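Analysis of the macromolecular model
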Amino acid sequence: MNGLLKLSSLIDRLTELVGKSIIWLVLVVTLIAAGNAIMRYTINYSSNAFLEIQWYLFSAIFLFGAGYTLMRNEHVRIDLIAGRLSKRAQTWIDIFGIIFFLLPMAIAVMYMSWPIFLLALHNNEQSSNAGGLALWPVRLLVPIGFFLLVIQGISELIKRVGFLQGRCPDPTEKAHKPTPEEELALAIKAQKGEL
């Protein structure tokens, strides 16, 4: 089990790196969207390529961020029943969900999207819009994104089994860190001498 927990830790580090990196794509998408809008209203110029790159980057944010969201336990949950159960029972529900729902779905999508990417690459598939971009790069995002989700699902499964065996802390427990707003409020209070 210790070897599996080390593997889980490596996967978590990779997921953390990917998650922190894609945050910057939000800024890039915002700048491209703002630049495109400014050009459209000031010099009456618009580009399908600019619109499509926004869609591609948004897809990358969504697909590459799925594993990061899972690792941070920030995905949507419906805890009407599970919230009333013990931590062990909740962990068993998570294990069941990972094994029978998350991993089969993610593996199936990853497997089925790979030939679509290869076909798009082989045919050098292009956007049907005038001045649009090649489609194979965005088709590649799907298998990569679901691969990242699969390995993070495996990591979460390992951590939950480790928790049940008493070998690691509860992976769903969130460490309370102050929000940026709370940190700013504390810094202002400290500057005023109120702390």
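Everything that follows concerns the structure shown earlier in this document.
This section reports on the structure supplied with the text. (Residues numbered from 1 in each chain as written. Predicted model: local features only at pLDDT ≥ 70, side-chain atom pairs only at ≥ 80, totals over all residues. Heavy atoms only, no water.)

A few points about the overall build of the protein
- When its secondary structure is counted, the protein shows 5 helices and 0 strands.
- Listing every helix and strand of the protein by position from the N terminus yields α-α-α-α-α.
- In summary, the protein has a C-alpha radius of gyration of 21 Å against a globular reference of 16 Å for 195 residues, an excess of more than 25%.
- C-alpha atoms of the protein, sized along the principal axes, occupy 60 × 60 × 35 Å.
- Buried residues in the protein amount to 33% of all 195 residues. (Helix = DSSP H or I, 4+ residues; strand = E, 2+ residues; numbered from the N terminus. Rg over C-alpha atoms; globule rule 2.2 N^0.38 Å. Buried < 20%, exposed > 50% of the residue type's maximum accessible area, 1.4 Å probe, protein only.)

Quick notes on the layout of surface pockets
- The volume enclosed by the largest pocket comes to roughly 570 Å³.
- If you trace the largest pocket, you find 25 residues lining it, with His75, Val76, Arg77, Ile93 and Asp94 closest to the centre.
- Elements that contribute at least two residues to the lining of the largest pocket include exactly α2 (48–71), α3 (87–122) and α4 (136–164).
- Top contributing element to the lining of the largest pocket by residue count: α3, with 10 residues. (1 Å grid on protein atoms, 1.4 Å probe; cavity = no way out; pocket = protein on both sides within 12 Å on 5 of 7 lines; lining within 4 Å. Points joined across faces, edges and corners; volume = space filled by probe spheres on them.)

Comments concerning the packing of aromatic side chains
- Considering all chains together, one arrives at 4 aromatic pairs under this definition.
- Ring centres 5.1 Å apart and planes at 50° place the aromatic pair Trp114 and Phe117 in the tilted group. Taken together, the positions of Trp114 and Phe117, both in helix α3 and 3 residues apart, correspond to about one turn of that helix.
- Given a relative accessible area of 41%, Trp114 falls into the partly exposed group.
- An aromatic cluster is present here, built from Phe96, Phe100 and Phe101 joined pairwise through their rings. (Phe/Tyr/Trp six-rings, centres within 6.5 Å; stacked < 30°, edge-to-face > 60°.)

Notes on the pattern of salt bridges
- Within the structure shown, the criterion is met by 7 salt bridges.
- A salt bridge links Arg160 to Asp94; the nearest nitrogen and oxygen atoms lie 3.0 Å apart. Of this pair, Arg160 sits in helix α4 while Asp94 sits in helix α3, and the two are 66 residues apart along the sequence. The residues Arg160 and Asp94 share a single accessibility class, namely buried.
- Measuring nitrogen to oxygen at the nearest pair gives 2.8 Å for the salt bridge that ties Lys159 to Glu156. Pair noted here: Lys159 and Glu156 are both in helix α4, with a separation of 3 residues, about one helical turn. Residue Lys159 shares its accessibility class with Glu156, and that shared class is buried. (Salt bridge = Lys/Arg side-chain N within 4 Å of Asp/Glu carboxyl O.)

A few points about empty space enclosed by the protein
- Tallying each qualifying case throughout the model produces 1 cavity of 30 Å³ or more.
- Along the walls of the largest cavity sit Thr15, Val18, Phe64, Gly67, Tyr68 and Leu148, which together make up its complete lining.
- Tallied by class, residues from the lining of the largest cavity come to 4 nonpolar, 2 polar and no charged. (Nonpolar A, V, L, I, M, F, W, Y, C, P; charged D, E, K, R; others polar.)

So yeah, pure geometry; function would need other evidence.
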